[in-house]
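In case you want the letters, here they are:
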Amino acid sequence: MPELPEVETIQKGLLQIFESINTPIGNVHRSSQSLRFPWPRNFCKEISGQRIVNIYRRAKYLVFETSGQDFICHLGMTGNWRLDENRAITKRPHDHLFIELGHKKVLIYNDVRRFGFFDFVDAGHLELSRWFSHLGPEPLDSETFHAEYLFVNSRKKQTSVKSFIMDQRLVVGIGNIYASEVLFRSGLRPTGKAGRLSRESCQNLVRAIREVLSEAMAQGGTTIKDFRAAGGSKGYFQQKLMVYGRDEQECRVCGSGIRKKRIAGRSTFWCGRCQNR
DNA sequence: ATTTTCTCCTGCATGC
DNA sequence: TGCATGCAGGAGAAAA
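As the structure is a prediction and not an experimental result, all values here were calculated from the model.

## Digging into the sheet that holds strand 4 (residues 70–74)
And step 1. With respect to topology, four strands assemble into an open sheet ordered 2-3-4-8, the strand pairing being antiparallel. Among the strands making up the open sheet, the edge pair consists of strand 2 (52–58) and strand 8 (117–121). With direction set aside, neighbouring strand axes in the sheet form an average angle of 20 degrees.
And step 2. Two elements, strand 3 (residues 61–66) and strand 4, share four bridges in a ladder whose sense is antiparallel. For Tyr 61, the partnering residue across the bridge sits in strand 4 and is His 74.
And step 3. Helix 1 (residues 4–21) contacts strand 2 and strand 3 of the sheet and is inclined by roughly 170 degrees relative to strand 2.

Okay, structure coming up:
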């Protein structure tokens, strides 16, 4: 489900919940089903009783820094968190993890498709973890992610520009929705070869990535199907989508028809007139 | 080595 | 109504 803006929205919501409740993790239970991978050994027992020191985002991962064992949560396609004030009434299908927080409050991880997962990590040395060692820079960090970086790393790449920017080894956080949106804003065809990007196009790409992700975060993410912030609120960026899911509709800028095509197995949307480079 | 396709899973829309 | 098919926001493994 979630790309960078959605994960960031959930991270902010979770942090707010822990700060407002301000109590150590109570009892923890999980479903008997595995998620994408089997649950870490003694997962519930290990995190029970720990105090949350911080929750932050790296790429599309949530990192929970605790007084004991640090852990991560990847949301896969359909992972989501919600806070239940009265668990007995609101248990839902596909609930997989229950974290009790004080009086009758339960933080619940729900994941319909079970592509998400949890694992223990050392938050102080994330880059050593198998989940983080290959990840590229954060798109909003101008020190490490900039036009020249894109230009240099795109040389001789035969893959499409769209697949290129979705490669988490290059830059993290861009998934299938925002890839189309970013390319619309930068005026680039998604099918173009990455290796042919000019310096100017790289500059436009970097700017578009920063703008689109920032604006989406400000809107609380994109709610296409069922995304909700941890507090339960919807995202509103879907109202600003220019191309994603708009095939057969008119371009909001020039009025020509939005096209749709599968690139590397993923649906891709663009305007043939506005995106001509 | 690089790039695309397959795979994991469930739910929903579509078409016959 | 039932059943088959395809598709959905991720990403590692396998295949090409």
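## Focus: the packing of helix 6 (residues 176–186) against helix 7 (residues 199–218)
And step 1. Interhelical geometry of helix 6 versus helix 7 gives an angle of 125 degrees and a closest axis separation of 8 Å. If you check the angle between helix 6 and helix 7, you find them oblique. Like other packed secondary-structure pairs, helix 6 and helix 7 cross with a definite hand, here right-handed. Residues Tyr 178, Glu 181, Val 182, Leu 183, Arg 185 and Ser 186 of helix 6 lie in contact with helix 7, whose contacting residues are Asn 204, Leu 205, Ala 208, Ile 209, Glu 211, Val 212, Leu 213, Glu 215 and Ala 216.
And step 2. When grouped by side-chain class, the residues that make up the contact of helix 6 with helix 7 number nine nonpolar, two polar and four charged.

## Examining the domain arrangement of chain A
And step 1. Per the domain assignment, the segments making up chain A are domain 1 (4–128) and domain 2 (147–271).
And step 2. Relative to domain 2, the C-alpha centre of domain 1 lies at a distance of 28 Å.
And step 3. With 16 residues of domain 1 at the interface, the matching set in domain 2 holds 17 residues.
And step 4. Around 1,300 Å² of area is buried between domain 1 and domain 2 when both sides are counted, 66% of it from carbon and sulfur atoms.
And step 5. Where domain 1 meets domain 2, there are zero salt bridges.
And step 6. The interface formed by domain 1 and domain 2 contains three residue pairs in polar contact (both at pLDDT 80 or more).
And step 7. Those elements that place two or more of their residues in the side of domain 1 that touches domain 2 are helix 1 and strand 5 (79–84).
And step 8. Counting residues per element, the side of domain 1 that touches domain 2 draws most heavily on helix 1, which supplies nine residues.

## Points about the sheet that holds strand 6 (residues 95–100)
And step 1. Sheet architecture is open: four strands sit in the order 1-6-7-5, paired in antiparallel fashion. Of all the strands in the sheet, just strand 1 (28–30) and strand 5 have a single pairing partner and so form its edges. Taken over all neighbouring pairs, the strand axes of this sheet differ in orientation by 15 degrees on average, direction set aside.
And step 2. When strand 6 meets strand 7 (residues 106–111), the two strands line up antiparallel, connected through five bridges. Residue pairing in the sheet places Ile 99 in a bridge with Leu 107 of strand 7.
And step 3. Against the sheet, helix 1 makes contact with strand 5 and strand 7, and its axis sits at roughly 25 degrees relative to strand 5, the strand it touches most.

## Quick notes on helix 7
And step 1. Over its 20 residues, helix 7 runs 29 Å from end to end, which matches the ideal 28 Å to within 8%, given 1.5 Å per residue.
And step 2. Taken residue by residue, helix 7 has Ser 201, Cys 202, Asn 204, Leu 205, Val 206, Ala 208, Ile 209, Val 212, Leu 213, Ala 216 and Met 217 as its buried positions.
And step 3. Close packing links the buried residues of helix 7 with helix 1, helix 4 (147–154), helix 5 (161–166) and helix 6.
And step 4. Residue Gly 220 follows helix 7 closely and has a positive phi angle near 80 degrees.

Basis of the calculations
Residues numbered from 1 in each chain as written. Chains lettered and ligands numbered in written order. Predicted model: local features only at pLDDT ≥ 70, side-chain atom pairs only at ≥ 80, totals over all residues. Heavy atoms only, no water. Pairing = 2+ DSSP bridges. Helix = DSSP H or I, 4+ residues; strand = E, 2+ residues; numbered from the N terminus. Axes fitted to C-alpha atoms, helices over the stretch in contact; angles between N-to-C directions. Contact = heavy atoms within 4.5 Å. Parallel < 35°, antiparallel > 145°, perpendicular 65-115°, else oblique. Left-handed = near helix turned anticlockwise from the far one by under 90°. Nonpolar A, V, L, I, M, F, W, Y, C, P; charged D, E, K, R; others polar. Domains from an automatic or database assignment. Buried area = accessible area lost by both parts, 1.4 Å probe. Salt bridge = Lys/Arg side-chain N within 4 Å of Asp/Glu carboxyl O. Polar contact = N/O pair within 3.5 Å; in protein donor to acceptor, adjacent residues only side chain to side chain. Expected span 1.5 Å × (residues − 1). Buried < 20%, exposed > 50% of the residue type's maximum accessible area, 1.4 Å probe, protein only.

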